[in-house]
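Chain by chain, the residues run as shown.
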Amino acid sequence: LRNELSALEWEVVPQKSGSADEDRTNRKRLQEPAKRVGDFLERPDGENDFASWAGMLLTEDLEIGAPVIYRNRSRGGELLGLDVIAGDLIKPLQDYRGKTVGYRQVYRGMALGDWSPDQIFYCPRIKRRGSAYGVSPLEIVIINVNLAMRRQLFDLAYYTDGNIPDALASMPEKWTLDDIQALQE
């Protein structure tokens, strides 16, 4: 999936709005902002190209289930980059109603930083009731995969081990049914 994402060709263009005249007007008016957005997305975090950046985001989404993007801004408020942060290091901070009011980055028990919701995109893919954390798609699939693997092992054992016991015991020919019954008791 990551390779397919990196192979995509993309371009930022103004969206069609309706009539041809409106589209021409909007295209001319929005061409420069669209170019700026496209240039920004060439290296969204200022370091990695779009394919690498999107791959990191996709990995966080599939493995952790809660990708996190930090909006890196200058002191003047200008957006400098969109940094992907490890979602398993982010702890949502909630108020008494269960609403998220902020985020804390925790690494090995130490708080590394606190952020407000306007500084971080915390996007759990599958939300749960009663928890601020998301569930990763891998976490959901693991039970079904485990069950399928055990079922395949059972089927394989049928053909490799078979259903014949490891040993068969025979009785001497002189024994009667009473002798065999006495042995079993």
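Residues numbered from 1 in each chain as written. Predicted model: local features only at pLDDT ≥ 70, side-chain atom pairs only at ≥ 80, totals over all residues. Heavy atoms only, no water.

Colleague: Explain empty space enclosed by the protein here, please?
Modeller: Empty pockets left among the atoms are what a rolling probe the size of a water molecule brings to light. Summed over the entire model, instances satisfying the criterion amount to one cavity of 30 Å³ or more. Here the largest cavity defines a volume of roughly 30 Å³. Lining the largest cavity are Pro14, Gln15, Lys16, Asp23, Asn26 and Arg27. Broken down by class, the residue content of the lining of the largest cavity amounts to one nonpolar, two polar and three charged. (1 Å grid on protein atoms, 1.4 Å probe; cavity = no way out; pocket = protein on both sides within 12 Å on 5 of 7 lines; lining within 4 Å. Points joined across faces, edges and corners; volume = space filled by probe spheres on them. Nonpolar A, V, L, I, M, F, W, Y, C, P; charged D, E, K, R; others polar.)

Colleague: Looking at this structure, how should I read helix H2 (residues 20–42)?
Modeller: For an α-helix, 3.6 residues make a turn, and residues three or four places apart therefore share a direction. Most pronounced at Leu30, the bend in H2 amounts to some 45 degrees, and the proline Pro33 follows within four residues. By the burial criterion, the buried members of H2 are Asp23, Asn26, Ala34 and Gly38. (Bend = angle between axes of the 7 residues up to and from the residue. Helix = DSSP H or I, 4+ residues; strand = E, 2+ residues; numbered from the N terminus. Buried < 20%, exposed > 50% of the residue type's maximum accessible area, 1.4 Å probe, protein only.)

Colleague: Where do I start with the nonpolar core in this structure?
Modeller: By size, the foremost hydrophobic cluster in this structure holds nine residues: Ala66, Val68, Tyr70, Ile85, Ile90, Tyr103, Trp115, Ile120 and Tyr122. Mapped onto this core, the elements with two or more residues apiece are strand S1 (68–73) and strand S6 (120–122). For Ala66, the contacting residues outside a window of four places in its chain are Glu60, Gly87, Tyr122, Cys123 and Pro124. Counting residues in each nonpolar core, the second largest holds five residues, with Trp53, Ala54, Leu57 and Leu82 among its members. (Core = buried A, V, L, I, M, F, W, Y, C linked by side-chain atoms within 4.5 Å. Contact = heavy atoms within 4.5 Å.)

Colleague: Help me out: how do you make sense of the pairing of strand S5 (residues 110–115) in this one?
Modeller: Two faces belong to every sheet, and in a regular strand the side chains alternate between them. Across five bridges, the pairing between strand S4 (residues 100–107) and S5 is antiparallel. Counted as the bridge partner of Val106 is Ala111 from S5. Between the antiparallel neighbours S4 and S5 lie two residues, among them Arg108 with a positive phi of about 50 degrees. (Pairing = 2+ DSSP bridges.)

Worth remembering: the numbers are spatial, not functional.
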